[in-house]
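Observations on chain architecture
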Amino acid sequence: MKQDMNRKRLLGTASLIAAAVVAAGGYGLYRLGLVRGADGQAGAATFRAGDIDPATGKRVLYWHDPMVPGRRFERPGKSPYMDMQLVPVYAEADAGTVIVSPRIQQSLGIRTLEVARETITQRVEAAGNVAFDERDQVIVQARAPAFVERLHVTATLDRVAAGQALADLYVPDWVAAQEEYLALSRVRETNVATLVDGARQRMRQAGMSEEQIRRVATTGAVQPRITLTSPIAGVIVELAAREGMAVMPGTTLFRINGLASVWVDAAVPETLVALLRPGATVEARAPALSTTPFTGTVQAILPEVDPVTRTIKARVELANPDYALVPGMFVDVALDIGAAEALTVPTEAVIRTGTRTVVVLAEGNGVFRPVDVEIGIESRGRTEIKRGLEAGQRVVVSGQFLIDSEASLRATSTRMQDQPAEPADGR
């Protein structure tokens, strides 16, 4: 019986020793980061900077919050700044390269798109103001000494239709010429035909049109008055007539400008003038109008540079069928200057720092690297890449500013491994 009691004591002691060994081994695994909690993170209390991350097999330099990349922590844990876990920075990462885990990529909303080779339309965008098309302009004058008896249009910028009455004139000189013509027309002798032709010619010299002469011959009555009508549809841009005034031959009474087409003087930077050509297709949009774009062509490049803005005006002619565009209205124009095949990326992927133009290249497996590029033209949300990328590569289009700032910080601070890190959560 005494031997049985000794055997039980030995078994109990062995069990305690085994439990201690297992506990010590578990602590060691936890210390090395091989045992992880329910959130997938290694034990924050023991996993420290300099240890090997079993998930990647790489040595961790420190942890940081990508939103505040300048602060470093010696243990993993929750960021004191944002509601997210700290991100490890590995010793194997090259200067300027950032490694981001899939979970953090999802938290930051990082998206990538492929670098593509496509046909891109070269465009020059500019702002301009609508003006009258001076080639669609007519003037209405008095063709004989007359008096203005009545005005049908009384204000400038009134709209008129083609053939609309403008003013009634009384022409005294027509009375004598018409009476002579009518008197000779009533003579039935054969030798008066020459005299009738002479009277008709004198009516022409007095300023009467063929239609007016035909009306006199048809009605057999004197027509001392004439109604001036508008030759085109448009607006009255000049009104020099007033009721009761006397006018002389050649006096301009009305100047009318059409609105079926308008000009836009687009201010283009002088550095882009070499790309413009008359005849280039133009698309214009007016912020004041919610209509479809207006289309037209470049009529001329005006030979004058604004000394203040350093721009040159491209005269654009736009079709204006509904008369929606009016002089003085502001419009944005896009001038197509040709199409070419080029390597392109979304414009939102391009970072301009003032001294550099950068895109963030996604190299796979969570590795990101900023790349200096040379860009060309921009069109419809795509930017031409002349140097720095190849077709098929992927670039970051969302979250790239955070990655670029972290990569720049690491590259300029020699990875910062020589600077002491601080504990997460202030420990």
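The sections below set out a description of the structure shown in this document. Keep in mind the model is a prediction, meaning the values are calculated, not measured. (Residues numbered from 1 in each chain as written. Predicted model: local features only at pLDDT ≥ 70, side-chain atom pairs only at ≥ 80, totals over all residues. Heavy atoms only, no water.)

This part takes up helix α4 (residues 193-205). Along an α-helix, residues three or four apart share an orientation, since each turn contains 3.6 residues. The terminal C-alpha atoms of α4 lie 19 Å apart, and with 13 residues this matches the ideal 18 Å at 1.5 Å per residue to within 8%. Within the span of α4, buried status applies to Val196, Ala199 and Met203. Taken end-on, α4 shows its buried residues confined to a sector of 60°, consistent with a single buried face. The exposed residues of α4 that point more than 90 degrees off its buried face are Thr194, Asp197 and Gln205. Where the residues of α4 are buried, they touch α3 (172-186) and α5 (210-219). Two residues or fewer past α4, Gly207 is found with a positive phi of approximately 105°. (Helix = DSSP H or I, 4+ residues; strand = E, 2+ residues; numbered from the N terminus. Expected span 1.5 Å × (residues − 1). Buried < 20%, exposed > 50% of the residue type's maximum accessible area, 1.4 Å probe, protein only. Arc of directions from axis to C-beta. Contact = heavy atoms within 4.5 Å.)

Under the defined criterion, the tally for this structure stands at 12 salt bridges. Notably, a salt bridge pairs Glu210 with Arg204, separated by 2.5 Å at the nearest N-O pair. Across the pair Glu211 and Arg214 runs a salt bridge, and its minimum N-O distance is 2.7 Å. Of the two residues, Glu211 and Arg214 both sit in helix α5, three residues apart, roughly one turn of that helix. Since its relative accessible area comes to 46%, Arg214 is described here as partly exposed. A single salt-bridge network, built from bridges that share partners, covers Glu211, Arg214 and Arg215. (Salt bridge = Lys/Arg side-chain N within 4 Å of Asp/Glu carboxyl O.)

Its 15 residues place the ends of α3 22 Å apart at the C-alpha level, agreeing with the 21 Å of an ideal helix rising 1.5 Å per residue. Those residues of α3 that fall on the buried side of the exposure criterion are Trp174, Ala177, Gln178, Tyr181, Leu182 and Leu184. With its buried residues spanning 165° around the axis, α3 presents them on a single face. Exposed positions of α3 whose direction lies more than 90 degrees from the buried face are Ala176 and Arg186.

Before going further, it helps to examine the nonpolar core. The tendency in soluble globular proteins is for nonpolar side chains to be buried as a group. Formed by 34 residues in total, the largest nonpolar core has its most connected members in Leu166, Ile236, Leu253 and Phe254. Counting only elements with at least two residues in this core, the list comes to β9 (146-151), β11 (165-170), α3, α4, α5, β12 (225-229), β13 (234-239) and β15 (252-257). If we ignore the near neighbours within four places in the chain, the residues touching Leu166 are Val140, Leu151, His152, Val153, Val160, Leu228, Thr229, Ser230, Ile236, Phe254 and Ile256. Among the nonpolar cores identified, the runner-up in size contains 25 residues, and Val130, Ala280, Val316 and Val331 belong to it. (Core = buried A, V, L, I, M, F, W, Y, C linked by side-chain atoms within 4.5 Å.)

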